Amino acid sequence: MIEINNLNKKFHKNEVLKNLNIKIEKGESAVVIGRSGTGKSVLLKCLLGLIKPDSGIIKIGDKNILGKNLQYINNKSVKIGMLFQGGALFDSLNIWRNISFSSLQNKVSEKECKKIAIETLEKVGLNSDIADLYPSELSGGMQKRVSLGRAIFSEPDIIFFDEPTTGLDPITADVINKLILEKVNDLGATALTITHDMSSARTIASKVYMLHEGNIIWGDNVGEMERTKNEYILQFVNGQSDGPIKIQNN
Amino acid sequence: MKIFTNVGFSVINFLEETGRFFIFTLQTLKSSISKWYFKNIFQQMVSIGYLSLPVVALTSFFTGGALAIQIYYGGNQFNSEVIVSSIVALGITRELGPVLGGIVVAGRVSAAIAAEIGTMKVTEQIDALKTLSTDPFEYLVFPRVIAGIIVLPILVGFADVIGIMGGWFVGVQSLDFNGTVYLQNTEIFLESNDIISGLIKASVFGFIITMMGCYHGFFSEGGAQGVGRSTMNAVVSSSILILGSNYIMTNLLFAS
């Protein structure tokens, strides 16, 4: 479903992605882990067409979408949803308008949009009472759920999650992880999550990939992550400062 | 040697910024032939025009009044009723109405646009728009720019009337002019070209103010400090461009 071959991206002299290769099958929930600054967000932004890679191939289905914007990708009959790290809800719009934003732009009636938005709110465990509130009136966890609602509103084929549990307490983080897992399974969507939260990775992932210095250095089923002897994985999973991953850049 | 390096970097930065602004302007113009978000345009017209009216009205009223006093006491007081009314009318409609109105709106609107779009940029809301298949130029930039171009002349039209009335008020109350004669003289000396030239200027200023706000907001980076810097740059650059373009337009409209 998503295939990336020899993807390269550098900012001035800083090579962020170096011949990166990854293949995510349809219906798979892939999680890319890695330290901060290893290029996880850049990878995601390249996939979303928000950053233009220097070279390589990004295929969604059988179409090469390298450097294309989301409007192009969505028009190619593949629907994409995205959950941003900070939620990225529109401050100036109330909750139901945030959730149904894409339909509102496509001339679907406000009444219909609000009805579906309220149903979506319920799907992510929120009460319809908040539909008319604004994002600033919600807690961080509620904003994340609303953002998840917006990501799944159009029933996408592919959903990207950027650090979905950042800034949340462990209990709320677990609620979000379970919601993500449930909704991805309900939709039968392909999911790609980037995170450095191991608890999140264990809950969401069917497959885990480790990104280090701009390349995927390890990838296997989530169960294998606990059994592997790979030193990079061991150091990262156990949160140790000693090991092959050097910390001089951070 | 260091001075040459610094000058070189400054020139490169200037050219880079100019090129980026040129591309930004082209993208904005391109978005004008795509989808029009009429609701957003209307909201921006209210925000830029209607909500700026009180501050523009106050500025014009006091400017008209002060201008009348300056002309009266600074010039020959013989036949002053004719001179004051005509110079106030011409000064307000040709120059002070559009320029002061433009600068006041720049301070209020350009800053607000840069802060809003800048915050959207640093909180990934603009990226979110793109992921929802919405072009930020069509949804955010173009509605503000077209609203500015439409609304500024209307705002300056009000400013002209209120500025002239400011001069009239001071003339009648403080300088013992006859109110009816003052207004008759204003009507005699004021030509439609004086008003139209001011409104043309206002339209250009509307474009400058909104473009500067959108441009600086769009390229904000670095969190709250970056948004603050963008806001400041938007106000400073739009004010300078208003004064510069006013000089050029005055030359084009009146020197010939």
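Structure: above.
Fair warning: this is a prediction, and the values are worked out from it, not measured in the lab.

Looking only at helices and strands, one finds 9 helices and 0 strands in chain B. Taking the principal axes of the C-alpha coordinates as reference, chain B spans close to 65 × 55 × 35 Å.

Turning to the environment of Ile240(B), a few remarks are in order. Among the secondary structure elements, Ile240(B) is positioned in helix H9 (residues 223-255). Remark: the alpha-carbon pair of Ile240(B) and Ile103(B), spanning 137 residues in sequence, is separated by 9.1 Å.

Ala30(A), Val31(A), Val32(A), Leu43(A), Ile159(A), Val88(B) and Cys214(B) are the most contacted members of the largest nonpolar core, which has 124 residues in total. Those residues in contact with Val32(A) that lie beyond four places of it in its chain are Lys40(A), Leu43(A), Leu192(A), Ile194(A), Tyr209(A) and Leu211(A).

Another point: the pairing of strand E2 (residues 14-24) of chain A. Every regular strand shows the same layout, with side chains that alternate between the two sheet faces. Residues and elements named next belong to chain A. In terms of strand pairing, strand E1 (residues 2-11) meets E2 through 7 bridges, oriented antiparallel. Its bridge partner being in E2, glutamate 3 is matched across the sheet by lysine 23. Connecting E1 to the next strand, E2, in antiparallel fashion are 2 residues, including histidine 12 with a positive phi near 55 degrees.

Another aspect to go through is helix H6 (residues 136-174) of chain B. Residues and elements named next belong to chain B. Compared with the 57 Å implied by 1.5 Å per residue over 39 residues, the 53 Å span of H6 between its first and last C-alpha is a close match. Along its length, H6 shows its largest kink, about 35 degrees, at phenylalanine 142, and proline proline 143 lies within four residues downstream of that point. A positive phi of about 60 degrees marks aspartate 176, the residue just after H6.

What follows is about the packing of helix H4 (residues 80-122) of chain B against H9(B). Residues and elements named next belong to chain B. At their nearest, the axes of H4 and H9 sit 8 Å apart, and the two run at 150 degrees to each other. Relative to H9, the element H4 lies roughly antiparallel. Like other packed secondary-structure pairs, H4 and H9 cross with a definite hand, here right-handed. Facing H4, whose interface residues are Val99, Gly102, Ile103, Ala106, Gly107, Ser110, Ala111, Ala114, Ala115, Gly118, Thr119 and Val122, H9 presents Gly223, Gly226, Val227, Ser230, Thr231, Ala234, Val235, Ser238, Ser239, Ile242 and Asn246. Grouping the constituent residues of the contact of H4 with H9 by class yields 11 nonpolar, 12 polar and no charged.

With 11 residues of chain B at the interface, the matching set in chain A holds 15 residues. Split into classes, the residues belonging to the side of chain B that touches chain A amount to 2 nonpolar, 5 polar and 4 charged.

Residue and element names in this part refer to chain A. The 4 strands are arranged E2-E1-E4-E5 in an open sheet whose pairing can be described as antiparallel. Edge strands, defined here as strands with exactly one partner in the open sheet, are E2 and strand E5 (63-64). By the bridge criterion, 2 bridges tie strand E4 (residues 55-60) to E5 in an arrangement that is antiparallel. Pairing of isoleucine 60 across the sheet is with lysine 63, part of E5.

Attention now goes to the packing of helix H2 (residues 38-48) of chain B against H6(B). Pairs of packed helices are described in terms of their axes, by the angle between the two and the distance that separates them. Residue and element names in this part refer to chain B. Where H2 contacts H6, the two axes come as close as 8 Å, and the packing angle between them is 50 degrees. Taken as axis vectors, H2 and H6 run oblique relative to one another. The two elements H2 and H6 cross, and the hand of that crossing is right-handed. Contacts between H2 and H6 involve Asn40, Ile41, Gln44, Met45 and Ile48 on the former and, on the latter, Tyr139, Pro143, Arg144, Ile146, Ala147, Gly148, Ile150 and Val151. For the contact of H2 with H6, the per-class residue count stands at 9 nonpolar, 3 polar and 1 charged.

Definitions and cut-offs
Residues numbered from 1 in each chain as written. Chains lettered and ligands numbered in written order. Predicted model: local features only at pLDDT ≥ 70, side-chain atom pairs only at ≥ 80, totals over all residues. Helix = DSSP H or I, 4+ residues; strand = E, 2+ residues; numbered from the N terminus. Core = buried A, V, L, I, M, F, W, Y, C linked by C-beta atoms within 7 Å. Buried ≥ 20, exposed ≤ 12 C-beta atoms within 10 Å, placed from the backbone. Contact = placed C-beta atoms within 7 Å. Pairing = 2+ DSSP bridges. Expected span 1.5 Å × (residues − 1). Bend = angle between axes of the 7 residues up to and from the residue. Axes fitted to C-alpha atoms, helices over the stretch in contact; angles between N-to-C directions. Parallel < 35°, antiparallel > 145°, perpendicular 65-115°, else oblique. Left-handed = near helix turned anticlockwise from the far one by under 90°. Nonpolar A, V, L, I, M, F, W, Y, C, P; charged D, E, K, R; others polar.

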